[in-house]
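Examining the three-dimensional arrangement
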Amino acid sequence: MSWKLSIIRLLNKSLVPNQQRALVVFTVLLLCACGKAKIPFSPITVSQTPVTTAQFTDDIDTVSTLEAKEEVHLAAQASGRIIELKIDQGDQVQPGQMLVVLDQAQIRAELADFKAQEQKNKLNWQRYEFLVPQGAASALDRDEYKAQYIASREKVKATEATLAYSNLRSPISGIVADVDVKVGDVIRSGDPFTKLIRNNRLFARVEVPATFSDRIKIGLPVFLNKTGSSDVMATGEINSVGPTVNRTTQGLLVKAAFENANGSLRNGQRLRTRVQLDTREELSVPFAAVTQTSGQSFVYRVGSFQELEDFSGNISLDKLRKLPPSTRFALQTPVTLGKLQKQRYAVTKGLKLGEQVITTNLLKLRHGMPISVKN
């Protein structure tokens, strides 16, 4: 280094212009920097992990809508004013459970009138039935009174049947949806007032791209996730595949069944959906072990000096030879990677099962650098 300082001092004492003097100094320093790259002698502490196999999958990620298999719309079977409403949204009901009680006083009054008219029509028909054989009345009149009696009798029967539905009961077990009526409302026969949903088993309507139609089959696993989360809410499987492709979206409709014993899923809910087409075991390394330079992926392997000699590159090994034989080195190794899943990369080329790769201090590492591995 003394000869470099001498040149610089000589330049400072000379009459060389400042710009030329700076150029000469730069040239001297550049010449000093030439030669093989040098490696710092003190080791860097790192963590290592072995190259292992991991399970990787081919998936279709999409969004699906859940639907209940049993969804019953409830309508009034009779007319009347609501005097008791025994349900509210979210209630769990059982078959035969009382839902609504109607006040049917008006219908009872109508029934009394209908019965009176029925009796009157019956008497008229019976009188003409007696007179016709004697020639005192026409058979046409008799038949007309008979038809009136039959009509009034049927009206009485229908009204009595209506009274039987003053208490509206649940036809199935399920959860009550929004209730559209309240106590005091007058409801007419056929008016809908709520629906019952059986949420214990739901189906996801999944539309997958038609390009995957040859790989879709009954029994493939399907996973549901909340938006923005990787936690699996429920696992089901495909139980039906549509026969046609949607002309507009070019999607194939499949349905997957999900058990919902804990009630965490809801009818009509939209969730992230993953259809798993295939699984396989591949060599893998953690995401933290990979670096990239100019589009090429690398990992740092933990190796011996002998491995470093075989893979030295443009580094000087003279000082490194003097290190203890047990010294370990960082070996920058190019790799070809596959998918990234669950924070692990599949490795298709460049590594062997069981080799150790470094997962910490990657930004400080260079090829051939001595390292100290943490226990």
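As the structure is a prediction and not an experimental result, all values here were calculated from the model. (Residues numbered from 1 in each chain as written. Predicted model: local features only at pLDDT ≥ 70, side-chain atom pairs only at ≥ 80, totals over all residues. Heavy atoms only, no water.)

What follows deals with the overall build of the protein chain. Tallying secondary structure elements over the protein chain gives 5 helices and 20 strands in all. Relative to its full complement of 375 residues, the protein chain shows a buried share of 35%. Restricting to contacts in the protein chain with at least 6 residues of sequence separation, those with at least 24 account for 76%. (Helix = DSSP H or I, 4+ residues; strand = E, 2+ residues; numbered from the N terminus. Buried < 20%, exposed > 50% of the residue type's maximum accessible area, 1.4 Å probe, protein only. Contact = heavy atoms within 4.5 Å.)

Another aspect to go through is unusual backbone geometry. With a phi angle near 65 degrees, glutamine 343 is a residue other than glycine that sits in the positive phi range. With respect to the helices, strands and loops of the structure, glutamine 343 is situated in the loop between β17 (328-341) and β18 (344-349). Exposure remark for glutamine 343: the relative accessible area of 53% places this residue in the exposed category. In this structure, asparagine 361 is a non-glycine residue whose phi angle is positive, near 55 degrees. Tracing the chain through its elements places asparagine 361 in the loop between β19 (356-358) and β20 (370-373).

Bringing the side chain of glutamine 341 into the picture now. Within the fold, glutamine 341 resides in strand β17. By relative accessible area, glutamine 341 is classed as buried at 18%. Glutamine 341 has contacts with Gln55, Phe56, Thr57 and Asp59, leaving out every residue within four places of it along the chain.

What follows deals with the sheet that holds strand β9 (residues 186-187). Here 4 strands make up an open sheet; going across it, the order is β7-β6-β4-β9 and the pairing antiparallel. What marks the edges here is a single partner per strand, and that holds for β7 (167-169) and β9. In this sheet, strand β6 (residues 98-103) lies alongside strand β4 (residues 80-85) in antiparallel orientation, the contact comprising 4 bridges. Paired with arginine 81 across the strands is aspartate 103, a residue of β6. (Pairing = 2+ DSSP bridges.)

Counting 23 residues, the largest nonpolar core has Val208, Ile216, Phe258, Leu265 and Val275 as the members making the most contacts within it. Mapped onto this core, the elements with two or more residues apiece are β3 (52-75), β10 (192-209), β11 (221-225), β12 (232-245), β13 (251-259) and β14 (270-286). When residues of this core are assigned to their parent elements, the largest contribution, 5 residues, is made by β10. Beyond its immediate sequence surroundings of up to four residues, phenylalanine 258 is in contact with Asn200, Arg201, Leu202, Ala204, Val222, Leu224, Ala234, Thr235, Gly236 and Leu265. In this structure, Val93, Leu102, Ile172 and Val181 belong to the second largest nonpolar core, which totals 16 residues. (Core = buried A, V, L, I, M, F, W, Y, C linked by side-chain atoms within 4.5 Å.)

Per-residue pLDDT for the protein chain has a mean of 86; in total, 89% of the residues score no lower than 70. Within the model, pLDDT remains below 50 along residues 1-5, and this stretch shows 2 contacts once partners closer than five positions in the same chain are excluded. Ignoring residues within four places in sequence, the model shows residues 19-36, a span with pLDDT below 50, making 13 contacts including any to other chains. (pLDDT = per-residue confidence, 0-100.)

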